[in-house]
Amino acid sequence: MCRWAAYLGAPIFIEDLVTKPGHSLIVQSRAAEECKTAINADGFGLAWYHARAEPGLYRDVFPAWSDPNLKALCAQVKSHAFIAHVRASTGTAISRNNCHPFTYGRFSFVHNGQVGGYDGFRKAADMMIDEAYYPHRKGATDSEALFLIALGEGLEADPIGAMARAVAKMEQLGRDSGVLPYMRFSAALCDGERLYAFRYASDDKSPTLYHRWSTSRQGWAVVSEPLVDGEGGWTAQAAGSACLFEGDRVEHVSFAPSLS
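Residues numbered from 1 in each chain as written. Predicted model: local features only at pLDDT ≥ 70, side-chain atom pairs only at ≥ 80, totals over all residues. Heavy atoms only, no water.

*Asks:* Outline the pattern of salt bridges, supporting the account with residue identities and numerical values.
*Replies:* Should their charged atoms come close, side chains of opposite charge can pair. Taken as a whole, this structure holds 16 salt bridges when the rule is applied. For the salt bridge of Glu-225 with Arg-3, the shortest nitrogen-to-oxygen distance reads 2.9 Å. Here Glu-225, found in the loop between β10 (219-223) and β11 (235-236), pairs with Arg-3, found in strand β1 (residues 3-13); they are 222 residues apart in sequence, far enough to count as distant. Both residues of the pair, Glu-225 and Arg-3, belong to the buried class. For Asp-60, the salt bridge goes to Arg-96, with nearest N and O atoms at 3.1 Å. With a gap of 36 residues between them, Asp-60 in strand β3 (residues 56-60) and Arg-96 in the loop between β4 (78-86) and β5 (102-104) connect regions that are remote in the sequence. By relative accessible area, Asp-60 is classed as buried at 10%. (Salt bridge = Lys/Arg side-chain N within 4 Å of Asp/Glu carboxyl O. Helix = DSSP H or I, 4+ residues; strand = E, 2+ residues; numbered from the N terminus. Buried < 20%, exposed > 50% of the residue type's maximum accessible area, 1.4 Å probe, protein only.)

*Asks:* Account for the pairing of strand β8 (residues 195-201), with residues named and values stated.
*Replies:* Remember that side chains alternate between the two faces of the sheet whenever the strand is regular. The buried fraction of β8 is high, at seven of seven residues. Of the two faces of β8, the one carrying Leu-195, Ala-197, Arg-199 and Ala-201 and the one carrying Tyr-196, Phe-198 and Tyr-200 are both buried. Pairing analysis gives seven bridges linking strand β7 (residues 184-190) to β8, with the strands arranged antiparallel. The residue of β8 that forms the bridge with Leu-189 is Tyr-196. (Pairing = 2+ DSSP bridges.)

*Asks:* So what's going on with the state of the cysteines? Residues and values would help.
*Replies:* Scanning all chains against the criterion turns up zero disulfides. Sulfur of Cys-74: no disulfide; nearest cysteine sulfur belongs to Cys-99 and is 15 Å away. A relative accessible area of 0% places Cys-74 in the buried class. Unpaired in this structure, Cys-190 has its nearest cysteine sulfur neighbour in Cys-243, at a distance of 14 Å. (Disulfide = S-S within 2.5 Å.)

*Asks:* I'd like to hear about the sheet that holds β3, residue by residue, with values.
*Replies:* Spatially, β3-β2-β4-β1-β10-β9-β11 is the arrangement adopted by the seven strands of the open sheet, whose pairing is antiparallel. Among the strands making up the open sheet, the edge pair consists of β3 and β11. Both β1 and β10 contribute to a ladder of five bridges, which runs antiparallel. When the sheet's bridge partners are listed, Gly-9 is paired in β10 with Gly-219.

*Asks:* Summarise the nonpolar core; cite the residues concerned and give the values.
*Replies:* Nonpolar side chains in soluble globular proteins generally cluster together in the buried interior. Membership of the largest hydrophobic core comes to 34 residues, with the highest contact counts inside it found for Leu-155, Met-163, Met-170, Phe-185, Phe-198 and Phe-255. Secondary structure elements with two or more residues in this core: β6 (107-114), α5 (142-152), α6 (159-177), β7, β8 and β12 (241-246). Residues within four places of Met-170 in sequence aside, it is in contact with Val-115, Tyr-118, Phe-121, Ala-125, Asp-142, Ala-145, Leu-146, Ile-149 and Met-183. Counting residues in each nonpolar core, the second largest holds 24 residues, with Leu-46, Trp-48, Tyr-58 and Ala-84 among its members. (Core = buried A, V, L, I, M, F, W, Y, C linked by side-chain atoms within 4.5 Å. Contact = heavy atoms within 4.5 Å.)

Now the structure itself:
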């Protein structure tokens, strides 16, 4: 399992979520409190938006806490929208191409969770990726496959619906494999103007997900774990839901992937 943090709002320094808080994403990379693995040291990544429509991207295979370049970048870069991720591999190799976020055009995507039996049906998952997007298949993770399948399902026009269809297809492969859990899915998708957050599982163990509006920053933080221990104001996102953050508003909708 992994940990991630996302932001949308008035520009802030990236360090305000990723490195500075008492339970920042960097702290979660070595001492997570609400996931199966406390250590998330199999790489990290950051996608941020500024003057151009497409996000900047920085990823590496080292533990996030050990990279001084990440700390320096977060201290210097201001952004109105960004997603950061620390990885705990569920079986695929530790490589830069397997580190989140994954990007295509203006979209960036991160995922925390797993698909049961993925190693046994990786080829079948790859076959679900539309030919137009397959050249962007650089790594070997279930997460990247989900993102590319969703693009083929119409992500650019219908982000929530396309993601539901992609998750349903991958979950069915998991069910066919007979390996539990079939699907656990906490994810963020951003296009620089809107931020989408998803929480879902085929069982009753959806990965944790919280969001909070800051009046002082005038922005939304969406995180796997609250950034300050004991800090109030965090709302736990309901399992089986998607949230759309835009401006100071959040819209909650049902997220129930189905092949029917």
